[in-house]
Amino acid sequence: MGKAKPRPGFESWGRYPKLQADVVPLHWTTDFPLAKAPAARQLPVGLGRSYGDVCLLENGTLLATPEMDRLLHFNEATGVLRCEAGASLKEILDFAMPRGFFLPVTPGTKYVTVGGAIANDIHGKNHHVAGTFGRHVLRFELARSDGSRVVCSPVENPEWFAATIGGMGLTGLMTWAEIRLRPIVSRLIDYRGVKFHGLAEFLDLSRTAASEYTVSWIDCLSTGKNFARGIFMQGDHAEIPGPLRRSREPKLTFPFDLPQLALNRYSVATFNAFYYHRQRGNEKTGPVDYEPFFYPLDAVLKWNRMYGKAGLLQFQCVLPREQDEHGVVEVLKAITASGLASFLAVIKVFGDVPSPGMMSFPAPGITLALDFPIRREASFDLLERLARITLEHGGRMYPAKDARMTPEQFQAFYPQWQEFARYVDPGFDSAFWQRVTGRRPLDD
Amino acid sequence: MTNSGAGTSPRRVLALGATSAIAEATLRLLAEQGANFVLVARSEPKLAAVRDDLLTRGATAAIGYVSDLNETESHAAMLAEATAALGGLDLALVAHGIQGDQAEAEREYAVAEAILRTNFLSAVSLIGWLANYFEAQRRGTIAVISSVAGDRGRKSNYVYGASKGGLNVFLDGVRNRVDRAGVNVLTIKPGFVATPMTAHLSRNALFAAPGQVARGIARAIEKRKDVVYVPGFWRWIMLIVRMIPEPVFKKMNL
């Protein structure tokens, strides 16, 4: 017992790339700067739910924040919660739900930290009305590697506020943040699921739906008459007072890494057909619990093992509204043509609520997110093709879900990157930042 | 103020070493039940963070008290002040402790002495006062965070182990004395817990999260247990460790 070192590694959710780093847990906001200043560069990390390399730093020091999870103040009248940056959305939901509050914006997993949610300026199914997570952040404290600390808000150090929201953890360590929760009266969501056939129907549904939450699952394998079929899912917090209890802890953990070939075009096609036909009839309505509505995959911990040890690649782009379907059709055709399996494919129309972050990803238009198992050349080629289509159509890709874009692509997607670079903490770096600034080559 | 008996959660709680990760996780569970706290720890900013968290989670009140628990001469005054502030006491959680460096403790007596002073002698002083207090009031719970390391000496950390082993024997005696006064003494033996104290160890499958350990502790407090291993499987691991004959044990690398 009591064998010292080496420290455990740290993987992103996509488990690619695999980079060694020293992981130092921060338990208190005063633990930073570290007592023994590391020789290497540093990067704050949360629960590692970003897919690519924004949460990695080869031979660096990863400052693990999840133990900094204190809830420092809550105002029941205004819904404003101050918490340490390592508090997870799960912990906040456990706290807020019995008090009649919900997250202002939530991604598809509750296992992300507040710091991570701000650093990637995450979005959710209510983007078209609520904008990004950063819109609901009132203030936070940023600690820099030189030992200085600044409170940032839209009026205090606003340039640091803007640089840190969506700043991928590069501007310093966020110690605490204040976010505004929204009141609810029930756990339940009034749900409506409608099948669509093709993008025109999807866009029609998106235009006419008045719900707070909308998202669609889309079949990325079928061709011909089933091309771009899917299910448009919309929901609203129930207005009739209902249960507000805390969620039960998930009991299932994906037990092992599946062999790499388990996910292939046949198994995924079967899944897609099953998923599409599971909803009988064209339309289904009724109350559902918020857990399966927002977090269907959280029911099984470590579900990324399904993709095997090699991991998975994500792709998420947003294509501006003007050019509408053409770009999306091209992306979908490239994917169906490749035959690379992707059953977690999601499409949504973003709204025009501006993002507060200098580097925020969301913009008005259509966003498409999918994942692929890693099949070296084939997956990399496909991602390269998708990045090109995105660029041609004036769109951009999401750093939190990327492991492959080139410096040229990134700098075209985010022309403000040089302005942002001025705010990067000189002691901080990330594998993503090294890659997109041309300091780390892609391995082929 | 309601009194607590078996089956209800304690209302007036004194936490000694309140910023230890296991203590903090346990206090969170009690805060959700609306407990009233006096929190004692050495670091003011850490104490403030824990206090704010407990108040946010539902504590009725929480007072921070900055004190170095190695200073045994200040114990009586501090404990009297804390119990007065709470208007009585239902539960005392004794959670302060240090891991210490075994190799240094082998080289230098002062290092070994510091481990024994913090983990054993200061606890003897605090628990001694608390036992008298609870015995006079004829109810209450003293819950003490010890360690599985106190069950048998191993070469990798026997100074720490001895401090906890001594503590376990002391607690057995106190329990034997105050049980007849209706006072519960709980010896808590956590295995590996992922906390700053164990940050130097590589985290394997045996490591438990502080929250998981805390739920076991809260249950044991509620059920008025005597000794509890958390997580529970350590009871069986330590049973085996204790049963290994010494001629074999002394040759092992543990």
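Residues numbered from 1 in each chain as written. Chains lettered and ligands numbered in written order. Predicted model: local features only at pLDDT ≥ 70, side-chain atom pairs only at ≥ 80, totals over all residues.

Student: Even after reading the chapter, I still don't get the confidence of the model for chain B, so can you show me in this structure?
Tutor: Do not read the fine detail of predicted coordinates wherever pLDDT is low. Residues and elements named next belong to chain B. Averaged over all residues, the pLDDT of chain B equals 94, while 96% of them reach at least 70. For residues 1-7, every residue scores under 50 in pLDDT, and the model assigns this stretch ten contacts once sequence neighbours within four places are set aside. Reported for the predicted complex are a pTM of 0.94 and an ipTM of 0.92. (pLDDT = per-residue confidence, 0-100. Contact = placed C-beta atoms within 7 Å.)

Student: I would appreciate a short explanation of the nonpolar core in the present structure.
Tutor: Across soluble globular proteins, nonpolar side chains show a tendency to be buried alongside one another. The biggest cluster of nonpolar side chains holds 123 residues, and the ones touching the most others in it are Cys83, Ile92, Ile118, Ala177 and Leu370 of chain A. Counting residues per element, this core draws most heavily on strand β17 (residues 312-319) of chain A, which supplies six residues. Apart from residues no more than four positions distant in its own chain, isoleucine 118 of chain A is found in contact with Phe133, Gly134, Val137, Phe140, Thr164, Ile165, Met174 and Ala177 of chain A. In this structure, Ala49, Ala62, Ala105 and Ala218 of chain B belong to the second largest nonpolar core, which totals 72 residues. (Core = buried A, V, L, I, M, F, W, Y, C linked by C-beta atoms within 7 Å. Buried ≥ 20, exposed ≤ 12 C-beta atoms within 10 Å, placed from the backbone. Helix = DSSP H or I, 4+ residues; strand = E, 2+ residues; numbered from the N terminus.)

Student: Please clarify how unusual backbone geometry should be interpreted in this entry.
Tutor: For residues that are not glycine, phi is negative in most cases, and the peptide bond is trans in most cases. In this chain, phenylalanine 32 of chain A is followed by proline 33 of chain A through a cis amide linkage whose omega measures -5°. Within the fold, proline 33 of chain A resides in the loop between β1 (22-25) and β2 (42-45). At the junction of valine 230 of chain B and proline 231 of chain B, the peptide bond is cis and its omega measures out at -15° in the coordinates. On the secondary structure map, proline 231 of chain B appears in the loop between β7 (227-230) and α8 (234-243). The phi dihedral of asparagine 59 of chain A falls on the positive side, at around 55°, and the residue is not glycine. The topology assignment puts asparagine 59 of chain A in the loop between β2 and β3 (61-64). At asparagine 157 of chain A, a residue that is not glycine, the phi angle is positive and equals roughly 45°.

Student: Before we go on, may I ask you to explain the sheet that holds strand β19 (residues 365-373) of chain A in this structure?
Tutor: Within a sheet, each strand pairs with its neighbour through backbone hydrogen bonds, oriented either parallel or antiparallel. Residues and elements named next belong to chain A. The strand order across the open sheet built from eight strands is β15-β11-β13-β12-β18-β19-β17-β20, with neighbouring strands paired in antiparallel fashion. Two strands lie at the open edges of the sheet, namely β15 (283-289) and β20 (396-397), each paired on one side alone. In this structure, β17 lies alongside β19, joined through eight bridges in antiparallel fashion. By the bridge assignment, leucine 313 is partnered in β19 with phenylalanine 372. Strands β17 and β19 of the sheet are contacted by helix α8 (residues 325-338), whose axis makes an angle of about 10° with β19. (Pairing = 2+ DSSP bridges. Axes fitted to C-alpha atoms, helices over the stretch in contact; angles between N-to-C directions.)

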